[in-house]
Amino acid sequence: MILHENEIVMAILGMGTLIFIFLNYHQVKRLPSSLTLLSSFYLLLAAWLLTVLEGIFWGEVFNFLEHLFYAVSSVLLLVWCYQTLHSKDRFLG
């Protein structure tokens, strides 16, 4: 069993961000293409949790899923940036 402190800290910070999102969900929904942005974050958080779990058991499986989630999260963030920059509703007011 191999656990790295920085991976645990990232998972904890991600869970804190998730709580912040839940507490401010109505404000977050005001962001353009918020579903895409939130999906990207949820996958990123899942990857952070998987990196902790891979040190405990099923290392190869969780490592593969972790990197897959990082890749899909990055693509979703790219899509969100594109949607936001090309949206007429990008300015909140």
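Residues numbered from 1 in each chain as written. Predicted model: local features only at pLDDT ≥ 70, side-chain atom pairs only at ≥ 80, totals over all residues. Heavy atoms only, no water.

Novice: How would you explain the packing of aromatic side chains if you had to name every residue and give the values?
Specialist: Scanning all chains against the criterion turns up four aromatic pairs. Centroid distance Phe-57 to Trp-58: 5.6 Å. Interplanar angle 80°. Geometry classified as edge-to-face. For Trp-58, a relative accessible area of 60% corresponds to the exposed category. Plain terms: the ring middles of Trp-58 and Phe-62 are 5.7 Å apart, the flat faces sit at 50° to each other, and that makes the pair tilted. Joined through ring pairs, the aromatic side chains of Phe-57, Trp-58 and Phe-62 make up one cluster. (Phe/Tyr/Trp six-rings, centres within 6.5 Å; stacked < 30°, edge-to-face > 60°. Buried < 20%, exposed > 50% of the residue type's maximum accessible area, 1.4 Å probe, protein only.)

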